[in-house]
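# A structural walkthrough
Chain residues, written in single-letter form:
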Amino acid sequence: MSRPCWIYRSPKKDEMYLYLAKEDDFDAVPELLLARFGTPPLLVMELELHDERRLARADVTQVLAKLAEDGYYLQMPPNLQPDIYHGNEA
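Residues numbered from 1 in each chain as written. Predicted model: local features only at pLDDT ≥ 70, side-chain atom pairs only at ≥ 80, totals over all residues. Heavy atoms only, no water.

## Quick word on the nonpolar core
Put simply, the test is: We define a nonpolar core as any set of buried Ala, Val, Leu, Ile, Met, Phe, Trp, Tyr and Cys residues linked to one another through side-chain atoms lying within 4.5 Å. Categorising residues by exposure relies on relative accessible area from a 1.4 Å probe, with only protein chains included: less than 20% of the type maximum marks a residue as buried, more than 50% marks it as exposed, and the intermediate range marks it as partly exposed. Put simply, DSSP marks the helices as runs of H or I at least four residues long and the strands as runs of E at least two long, and each gets a number from the N terminus on. Throughout, a contact is declared for two residues whenever any of their heavy atoms are within 4.5 Å.
Among the nonpolar cores identified, the biggest contains 13 residues, and Cys5, Tyr19, Leu47, Leu49, Leu55, Val63 and Leu67 are the most heavily contacted of them. For this core, the secondary structure elements donating two or more residues are β1 (2-9), β3 (42-50) and α2 (60-70). If one sorts the elements of this core by residue count, α2 sits on top with four residues. In this view, Leu47 contacts Arg3, Pro4, Cys5, Ile7, Arg53 and Leu55; residues no more than four positions away in its chain are not counted.

Next comes the structure, spelled out in C-alpha cells:
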C-alpha cells in the first residue's frame, strides 16, 4: 500500500507535525485540534508513504492507517526530560 501525504509543521509548538491525506485539506482535522496546532500550518514536505518507508518518530503503518481512516495523523513532540537541579549533591 502506497499513498502520498503532505506534512505540516505547527507554528505554535516545536516538533509537532500534521500529516494530511490531501494537500491543504484541513476539513478532516477537528477545529479544536487545528486551533491548538496553530494557523497557518506550515507545509514542510510532500512524501510518498509505503510499508517499507521509515519515519524518524512515527510508525509508518499507524500513519497510513490514520490517513486512510481519518484523513490526518498528528505527530506529537517527543517527551523531553529536562535535567533538574537538585542542589549541591555530591
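## Topic: a negative patch on the surface
Threshold: Only residues above 30% relative accessible area that lack a salt bridge enter a patch, with like-charged residues linked at up to 9 Å and the nonpolar side chains Val, Leu, Ile, Met, Phe, Trp and Tyr linked at up to 5 Å. In these tables, accessible area is a Shrake-Rupley quantity obtained with a 1.4 Å probe, and a residue counts as shielded only by the protein chains included in the view. We define a salt bridge as a side-chain nitrogen of Lys or Arg found within 4 Å of a carboxyl oxygen belonging to Asp or Glu. Within this scheme the basic residues Lys and Arg register as positive and the acidic residues Asp and Glu register as negative, but His and the chain ends are omitted. Here the site of a charge means NZ on Lys, CZ on Arg, CG on Asp, or CD on Glu.
Judged by side-chain charge, Glu23, Asp24, Glu46 and Glu48 come together as a negatively charged surface patch. With relative accessibility at 37%, the residue Glu48 sits in the partly exposed group.

## Points about the sheet that holds strand β2 (residues 17-20)
Test applied: In short, DSSP must find at least two bridges between two strands for them to pair. An axis is simply a line fitted to the C-alpha atoms; with a helix, the fit covers only the stretch in contact. Between two such axes, the angle follows the N-to-C directions and lies from 0 to 180 degrees.
Taken together, the four strands give an open sheet; going across it, the order is β3-β1-β2-β4, and neighbouring strands pair in antiparallel fashion. At either margin of the open sheet sits one strand with a lone partner, and together these are β3 and β4 (72-75). Averaged over all pairs of adjacent strands, the angle between their axes in this sheet comes to 25 degrees, without regard to strand direction. Across eight bridges, the pairing between β1 and β3 is antiparallel. Each bridged residue has a counterpart across the sheet, and for Arg3 the counterpart in β3 is Leu49. Contacting β1, β2, β3 and β4, α2 runs over the sheet at an angle of about 135 degrees to β4.

## Details of the side chain of Gln75
Spelled out, the test is: What qualifies as a polar contact is a pair of N or O atoms within 3.5 Å, subject to a donor-acceptor requirement within protein and to the restriction that residues adjacent in sequence count only when both atoms come from side chains.
Take Gln75: it is sitting in strand β4. Gln75 gets classed as buried once you look at its relative accessible area, which sits at 6%. Separated by 2.7 Å, the side chains of Gln75 and Tyr19 make a polar contact. In contact with Gln75, other than residues within four places in its own chain, are Glu15, Met16, Tyr17, Tyr19, Arg57 and Ala58.

## Here we look at the packing of aromatic side chains
Ring pairs (aromatic) are described by centroid distance and by the angle formed between their planes. Inclusion rule: Any Phe, Tyr or Trp ring, taking Trp's six-membered ring, that has another such ring centre within 6.5 Å forms a pair; planes under 30 degrees apart are called stacked, those over 60 apart edge-to-face, and the others tilted.
For the structure shown, the criterion picks out two aromatic pairs. Both rings, one in Tyr19 and one in Tyr73, keep their centres 5.5 Å apart while their planes meet at 80 degrees; by these two values the pair is edge-to-face. One end of the pair, Tyr19, is in strand β2; the other, Tyr73, is in strand β4, and 54 residues separate them in sequence. Its relative accessible area of 5% is what places Tyr19 among the buried residues. Judged by relative accessible area, which is 14%, Tyr73 ranks as buried.

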